[in-house]
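Inside the fold
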Amino acid sequence: MSILIKPIITEKATNDSELFNRFTFIVDKKANKLEIKGAVEATYGVSILSVKTLNYPIQRNTKFTKKGLVTGIKSGYKKAIVQVAEGESIDFYNNL
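Summary of the structure given here. (Residues numbered from 1 in each chain as written. Predicted model: local features only at pLDDT ≥ 70, side-chain atom pairs only at ≥ 80, totals over all residues. Heavy atoms only, no water.)

Remarks on the overall build of the protein
When you go through the protein residue by residue, the secondary structure sums to 2 helices and 6 strands. Secondary structure of the protein in N-to-C order comes out as β-α-β-α-β-β-β-β. Taken against the 2.2 N^0.38 rule, which gives 12 Å for 96 residues, the C-alpha radius of gyration of the protein at 17 Å runs more than 25% over that of a compact globule. Counting only C-alpha atoms and orienting by the principal axes, one finds that the protein spans roughly 55 × 25 × 25 Å. A total accessible area of about 7,100 Å² is found for the protein, and carbon and sulfur atoms account for 52% of it. (Helix = DSSP H or I, 4+ residues; strand = E, 2+ residues; numbered from the N terminus. Rg over C-alpha atoms; globule rule 2.2 N^0.38 Å. Areas by Shrake-Rupley, 256 points an atom, 1.4 Å probe, with all protein chains shown as cover.)

Now the structure itself:
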């Protein structure tokens, strides 16, 4: 089971990483904070100060179109914000 699914690279997450040394990941829904901390430390070789998690629910929407009632779904996910120790950093672009 892979705990870390992918890093989130947006303007807000990049700004957070530059100013506060916080990095954002999409993680497995069943993973807890200790598992996330261990996975990030093992994968990137950095020491973690804190882990904050957010659960995003499934989003459903319904539209009335010419074809009739159209429903859509956007799957839910879990996001983890990891604060790295001072002086350390994670480079997401070194494997490209």
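Concerning helix α2 (residues 33–44)
With 12 residues, α2 should cover 16 Å at 1.5 Å per step; its first-to-last C-alpha distance of 16 Å lies within 8% of that length. Those residues of α2 that fall on the buried side of the exposure criterion are Ile36, Ala39 and Val40. The buried residues of α2 occupy an angular sector of 95 degrees when the element is viewed end-on, so they sit on one face. Opposite the packed face of α2, turned more than 90 degrees from it, sit the exposed residues Leu34 and Ala42. (Expected span 1.5 Å × (residues − 1). Buried < 20%, exposed > 50% of the residue type's maximum accessible area, 1.4 Å probe, protein only. Arc of directions from axis to C-beta.)

So, the pairing of strand β4 (residues 59–65)
As defined by bridge partners, β4 adjoins strand β5 (residues 68–74) across 7 bridges and the pair is classed as antiparallel. Its bridge partner lying in β5, lysine 63 is registered against valine 70. Between the antiparallel neighbours β4 and β5 lie 2 residues. (Pairing = 2+ DSSP bridges.)

Here we look at the side chain of lysine 78
With respect to the helices and strands, lysine 78 occurs in strand β6 (residues 77–84). Summary of buried charges: lysine 78 has no salt-bridge partner, and the nearest side chain of opposite charge, glutamate 35, is 7.6 Å away. A distance of 2.6 Å separates the side chain of lysine 78 from the backbone oxygen of alanine 31, its partner in a polar contact. (Lys, Arg positive; Asp, Glu negative; His and termini not counted. Salt bridge = Lys/Arg side-chain N within 4 Å of Asp/Glu carboxyl O. Polar contact = N/O pair within 3.5 Å; in protein donor to acceptor, adjacent residues only side chain to side chain.)

Topic: the nonpolar core
Ranked by internal contacts, the top residues of the largest apolar core, which has 16 residues, are Phe25, Ile36, Val40, Ile48, Val82 and Ile90. Within the residue set of this core, elements represented by two or more residues are β2 (22–27), α2, β3 (48–56) and β6. Not counting residues up to four positions away in its chain, the partners in contact with isoleucine 90 are Phe23, Phe25, Val40, Tyr44, Val46 and Val84. (Core = buried A, V, L, I, M, F, W, Y, C linked by side-chain atoms within 4.5 Å. Contact = heavy atoms within 4.5 Å.)

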